[in-house]
Amino acid sequence: MPISATVPWRKRQSVIPGFGMTLGFTLAYLSLIALIPLAVLLFRAAGMGWHDFAALAGDKRTLSAVRLSFSTALLAALVNVVIGLPTAWVLARYDFPGRRVVDAIIDLPFALPTAVAGIALTSLYAPNGWLGAGFAALGVKIAYTPLGITLALIFIGLPFMVRTVQPVIADLEPDMEEAAATLGANRGQTFSLVLLPPLLPAILTGFALAFARGMGEYGSVIFIAGNLPYVSEIAPLLIVIRLEEFNYEAATAIAAIILGVSFASLLAINVLQAWSRRSLGHDS
Amino acid sequence: MQVRIEGVTKSFGDHPALKDLSLKVGSGQLFALLGPSGSGKTTLLRLIAGLERADAGAVYFGDVDASRIPIQRRRVGFVFQHYALFRHMTMFDNIAFGILVRRKEFTHTRDSLRRRCLELLDLVQLSGLEDRYPHQLSGGQRQRVALARALAIEPSLLLLDEPFGALDARVRKDLRRWIRELHTKTGHTTLFVTHDQEEALELADAVVVLNDGRVEQIGTPEQIYSAPASPFVFNFIGDSARIPGSAINGGWRGPRPPEDADIFIRPQDVTIVGPHEGAIHGDIVGVRRLADIRRVVVRTGAGDIEVNVADGKPTEMGAAVGLQFDKWRTYRNGVLLQRD
């Protein structure tokens, strides 16, 4: 609304009561469960001094673990865009027998203990597993490789993608597609010019959520990863290893790096999203 | 382009929407499809556009069976009730869309495309708004952009689905007049769907009255209004009262079973006379003010009958009056039996 641009926020009269109370509440619990723990983390990382931190962060094993977490999370989130979009489309647009069941299955990765998912995926994709055996015959090894990690992260991230995009698709009027068709657009043009642009902000949100989840995912990954240092060892696992060695400094350093990478990525995605919303005329 | 619809039938599940419907629309004409909701008028329009497929029968564009032409190549300009503008595009991009996706048919340079789109914006009287997004415009403006977008593809046929349905009364009136002018100027064969009889009568060259998936009557607005072919049309167009029976001059006589006949009259064709004169007698039970006339409700043995009364004539609630009929139509089993 144009009003918000001209009237200072403190002076604005709103019909929705309780702005002060809800903001205070939000800040309070955000501080307790997120800001203070993160600040302690950063404080501890800062406390060890730049030299020590650089040495710990520059450790080859640490770097390869962070790189692995980052790249597999990124790849899995990208794959989830490709899988999640048609899934959300089918669920939002069509009524077919078993739609509700499929709809419920989408949420399973949320509910399932991640370790269960990890063990299930491992037994399925291990070289002697149902699917793994077939892939092994083709010379593709899935479990105990970065490919296996990516697979677990795709499983974990899919509901984020589907659940963010689905309501937006349900909200798109079929009118627009019909209008595009009468104007002469073929299916490809209708999809890329008419349907995709309004979905882009939601797709970016889903991507960001899936990616962030992938960066921090631990339970499902450690079973399928094989956890070979320098090859298939993810950063969250390395933190646990360092903690078990009572090497709190190193654990803190890795955590700080993950935090930095995640924050920078999410910030970049948010900027991109704000830009896409603006350039597509979403904001009024 | 002439459009011919031959024996089209269409059902949605168990619900039949169109029943063996035939219709011919001459080139350059402005046709109104008029009917109550559920009469199949929108289904018919969508079928012509290719947005629905007929179960039986065919639509011909000129001499070509339209089912052989994919929707993208029919060159039908379709205007939706809720505009269906691309909300992430500016007005300019909305209008240019049809031209850009048909790059093979329209050989436009960047300059000529721009000129064409601005020309269309000018035609719909929205010059200067090319950089606005749909949510920044009023309903009437959006509908005009939707029309410009449909005209951009140089359609051979223009279809409007309740184009004024979502607009307020004032804007409707303006747009109605404006569409009429536009049609005179551009001469596109045009069909529009409406449930508003006033709109259909004012705007169209010919009105097609639909009821329950069938054509009740096709005719000029004059014919539809003054010579309704069926009780349904009489009842649907304008205000009317239904009196059961078949005889009215020289005293009303109730229906005589098994005869199924009804007399239809309009409020302006009834005169209030003294309580001992006229064909039917009753008491005044209501007086309402319409815009330019008073409407009196008289309760008679044949039911409530509405009568137009000129200003200055006294009308008293409860007064006993007689009614004299100047014009009426009698239908027996739905067929016109006797006029006036």
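Residues numbered from 1 in each chain as written. Chains lettered and ligands numbered in written order. Predicted model: local features only at pLDDT ≥ 70, side-chain atom pairs only at ≥ 80, totals over all residues. Heavy atoms only, no water.

Novice: What should I look at first to understand the overall build of chain A in this one?
Specialist: Summing up its helical and strand segments, chain A has 14 helices and 0 strands in all. Across its three principal axes, chain A shows a C-alpha extent of roughly 60 × 60 × 30 Å. Sorting the 284 residues of chain A into buried and exposed places 41% on the buried side. Sequence-distant contacts in chain A: of pairs separated by 6 or more residues, those separated by 24 or more amount to 74%. Total accessible area on chain A stands at roughly 15,600 Å², and carbon and sulfur atoms take up 71% of it. Averaged over its 17 positive side-chain charges, chain A has a centre that lies 4 Å from the centre of its 16 negative ones. (Helix = DSSP H or I, 4+ residues; strand = E, 2+ residues; numbered from the N terminus. Buried < 20%, exposed > 50% of the residue type's maximum accessible area, 1.4 Å probe, protein only. Contact = heavy atoms within 4.5 Å. Areas by Shrake-Rupley, 256 points an atom, 1.4 Å probe, with all protein chains shown as cover. Lys, Arg positive; Asp, Glu negative; His and termini not counted. Charge placed at Lys NZ, Arg CZ, Asp CG, Glu CD.)

Novice: Explain the environment of B:Asp63 to me, please; I cannot follow it from the model alone.
Specialist: Mapped onto the fold, B:Asp63 is located in the loop between β4 (56-61) and β5 (64-65). C-alpha of B:Asp63 to C-alpha of B:Leu18: the two residues are 45 residues apart in sequence and 22 Å apart in space.

Novice: What am I meant to see in the pattern of salt bridges here?
Specialist: Between side chains of opposite charge, pairing is possible as soon as their charged atoms come close. Evaluated as defined, the whole model comprises 27 salt bridges over all chains. Notably, a salt bridge pairs A:Arg93 with A:Glu177, separated by 2.6 Å at the nearest N-O pair. With A:Arg93 in helix α4 (residues 60-93) and A:Glu177 in helix α10 (residues 174-182), the pair connects residues that are 84 residues apart, well separated along the chain. By relative accessible area, which is 22% here, A:Arg93 ends up partly exposed. Among the salt bridges present, the one from B:Asp239 reaches B:Arg295, with a minimum N-O distance of 3.2 Å. Taken as a pair, B:Asp239 in the loop between α8 (231-236) and β11 (241-244) and B:Arg295 in strand β15 (residues 294-300) lie far apart in primary sequence, 56 residues in all. For B:Arg295, a relative accessible area of 6% corresponds to the buried category. Overlapping salt bridges bring together B:Arg172, B:Arg176, B:Asp196, B:Glu199 and B:Glu202 as one network. (Salt bridge = Lys/Arg side-chain N within 4 Å of Asp/Glu carboxyl O.)

Novice: Hey, could you run me through the interface of chain A and chain B in this one?
Specialist: Where the parts come together, the accessible area they lose is often given as the size of the interface. Listed as interface residues are 24 residues of chain A and, on the opposing side, 23 residues of chain B. Roughly 2,000 Å² of surface becomes buried between chain A and chain B when both sides are summed, with 62% attributable to carbon and sulfur atoms. The three residues of chain A that bury the most area against chain B are A:Glu178, A:Thr182 and A:Leu183, which together make up 32% of that side's buried surface. The tally of links from chain A across to chain B stands at 1 salt bridge. Listing elements by their share of the side of chain A that touches chain B, those giving two or more residues are α10 and α11 (187-216) of chain A. Top element by residues in the side of chain A that touches chain B is α10(A). It accounts for 7 residues. Looking at the side of chain A that touches chain B, its residues break down into 12 nonpolar, 7 polar and 5 charged. (Buried area = accessible area lost by both parts, 1.4 Å probe. Nonpolar A, V, L, I, M, F, W, Y, C, P; charged D, E, K, R; others polar.)

Novice: Could you clarify how one ought to interpret the sheet that holds strand β8 (residues 190-194) of chain B in this entry?
Specialist: Backbone-to-backbone hydrogen bonds join strands into a sheet, with any given pair of strands oriented parallel or antiparallel. Residue and element names in this part refer to chain B. In spatial order, the strands read β6-β7-β8-β3-β9-β10; together these 6 strands make up an open sheet with mixed pairing. Lying at the two open borders of the sheet, with one neighbouring strand each, are β6 (76-79) and β10 (214-219). Each strand of the sheet is rotated relative to its neighbour by a mean of 15°, with strand direction disregarded. Where β6 and strand β7 (residues 157-161) come together, 4 bridges link them in parallel fashion. (Pairing = 2+ DSSP bridges. Axes fitted to C-alpha atoms, helices over the stretch in contact; angles between N-to-C directions.)

Novice: Can you help me understand the packing of aromatic side chains in this one?
Specialist: To describe a pair of aromatic rings, one takes the distance between the centres and the angle between the planes. Counting across every chain of the model gives 12 aromatic pairs over all chains. The interplanar angle of 90° and the centroid separation of 5.0 Å between the aromatic rings of A:Phe110 and A:Phe160 together place this pair among those described as edge-to-face. With A:Phe110 in helix α6 (residues 108-111) and A:Phe160 in helix α9 (residues 146-171), this residue pair connects regions lying 50 residues apart in the sequence. When the centroid spacing of 5.5 Å and the interplanar angle of 10° are considered together, the rings of B:Phe232 and B:Phe236 count as stacked. A residue pair is termed a helical-turn pair when its members lie 3 or 4 positions apart in one helix, as B:Phe232 and B:Phe236 do in helix α8 at 4 residues. Note on B:Phe236: relative accessible area 19%, which makes it buried. One aromatic cluster in this structure is built from A:Phe70, A:Phe207 and A:Phe211. When the ring centre of B:Tyr60 is taken as reference, the NZ or CZ atom of B:Arg4 above it lies at 4.6 Å. Sitting over the ring of B:Phe86, B:Arg149 keeps its end group 4.7 Å from the ring centre. (Phe/Tyr/Trp six-rings, centres within 6.5 Å; stacked < 30°, edge-to-face > 60°. Lys NZ or Arg CZ within 6 Å of the ring centre and 35° of its normal.)

Novice: Would you take a moment to explain the packing of α9(A) against α11(A) for this structure?
Specialist: Two packed helices can be described by the angle between their axes and the distance between those axes. Residues and elements named next belong to chain A. Relative orientation of the contacting elements α9 and α11 amounts to 155°, with a least axis distance of 8 Å. Relative to α11, the element α9 is oriented roughly antiparallel. Seen from above, α9 lies across α11 with right-handed handedness. Taken together, the residues of α11 that come into contact with α9 (itself represented by Leu-153, Ile-156, Gly-157, Phe-160, Met-161, Thr-164, Val-165, Val-168 and Ile-169) are Pro-198, Leu-199, Ala-202, Ile-203, Thr-205, Gly-206, Phe-207, Leu-209, Ala-210, Arg-213 and Gly-214. Considered class by class, the residues forming the contact of α9 with α11 number 14 nonpolar, 5 polar and 1 charged. (Parallel < 35°, antiparallel > 145°, perpendicular 65-115°, else oblique. Left-handed = near helix turned anticlockwise from the far one by under 90°.)

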